[in-house]
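Residue-level listing of the chains:
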Amino acid sequence: MAAPPPSAPPRLFDRALLRKRLDRAAGGFGEADFLHRRAATDIAERLAPIMKTFPVAVDLSARGGAFAEALAQEAPGKVGALIEADLSPRMLAGRAGLRVVADEERLPFADASVDLIVSALALHWTNDVVGALIQARRALKPDGLFIAAFFGGVTLTELRQSLVAAEAEILGGAGSRVSPFADTGDAAGLLQRAGFVQPVADVDTVSVTYEHPLRLLADLRRMGETSVLAERHPKPLTRRLLGRTSELYAERFGTPDGRVPATFEIITLTGWTPA
């Protein structure tokens, strides 16, 4: 008897909705791209001391072009041709250079065709992270390099806790409104499962303060980072619920100067394809 086909990964995220959110955010992305720039700059700085060059590289989450800019400043001459890829066509619009609209879950690159693949703050939206990493590994040539940064489990912990408490108080229970993020302890194992060697995982915890929780939500919208859960909460986020969430946020996490913090955990993975 033939073995049953492997089961498909669970559909956690609505990728079509994600593309719409990114398209919507494209026009104002530069107003809230500080985390993307931080991750892109960090990736470029990691490339600088490596004693080799990369003739063909792919940026899987180009967004506003932060990695290309960081590469020119932090590691000039390290990359030959850079292909900027993004799920959102509007993010890529109006820029010169090699560009391709691409889904991280369905990479369009031939096997062993590129030398370097980077991704800044995008893989946390994939339904099958290991599957996406396997595709990246296949697209890389032997001794190719993969570097990706994505949000980890501590990200937006203040918002999560406040929203859960407000829902419990008003609705009698909490639902799914904020997306889950990968656990830091599992990060390096993801690369190993995908067939990469010399895996390394680093964590960068960033704390940002806002004058009001609504300012944080506005930034998340401009980033294209609002929830795209496939199984979204059946009840809308009402003004009452949003207001109570903001009150609890300020009560529990507010600083003496009246501002509120937001924590972002950026996990960066580095791995090589076998030589």
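The structure displayed is predicted, hence computed values, not measured ones.

Student: In this structure, what is going on with the environment of Thr-53? I would like to understand it.
Tutor: Here Thr-53 is to be found in the loop between α2 (34-47) and β1 (54-59). For the pair Thr-53 and Leu-116, spaced 63 residues apart in sequence, the C-alpha to C-alpha distance is 9.3 Å. Once residues within four sequence positions are removed from consideration, Thr-53 is found in contact with Gly-77 and Lys-78.

Student: How do you make sense of the packing of aromatic side chains when you look at a structure like this?
Tutor: The description of an aromatic ring pair uses the distance of the two centres, along with the angle that the planes make with each other. Inspection of every chain in the model, using the stated rule, returns four aromatic pairs. Geometrically, the ring pair formed by Phe-151 and Phe-264 is tilted, given 5.8 Å between the ring centres and 40 degrees between the ring planes. Pair noted here: Phe-151 is in strand β5 (residues 140-151) and Phe-264 is in strand β7 (residues 260-272), with a separation of 113 residues, a long-range link. You'll find Phe-151 and Phe-264 in the same group, each marked buried.

Student: Would you mind showing me how to read the pattern of salt bridges here?
Tutor: Charged atoms that come close allow side chains of opposite charge to pair. By the definition in use, this model includes 18 salt bridges. In this structure, Asp-103 engages Arg-15 in a salt bridge whose closest nitrogen and oxygen atoms are separated by 2.6 Å. Remark: Arg-15 occurs in helix α1 (residues 15-25) and Asp-103 occurs in the loop between β3 (98-101) and β4 (114-120); sequence separation between them is 88 residues. You can call Arg-15 buried: its relative accessible area is 10%. Each of Arg-15, Asp-103, Glu-104 and Arg-106 takes part in salt bridges that share partners, so that together they form one network.

Cut-offs used in this document
Residues numbered from 1 in each chain as written. Predicted model: local features only at pLDDT ≥ 70, side-chain atom pairs only at ≥ 80, totals over all residues. Heavy atoms only, no water. Helix = DSSP H or I, 4+ residues; strand = E, 2+ residues; numbered from the N terminus. Contact = heavy atoms within 4.5 Å. Phe/Tyr/Trp six-rings, centres within 6.5 Å; stacked < 30°, edge-to-face > 60°. Buried < 20%, exposed > 50% of the residue type's maximum accessible area, 1.4 Å probe, protein only. Salt bridge = Lys/Arg side-chain N within 4 Å of Asp/Glu carboxyl O.

Such coordinate-based values are descriptive only and should not be taken to indicate function.
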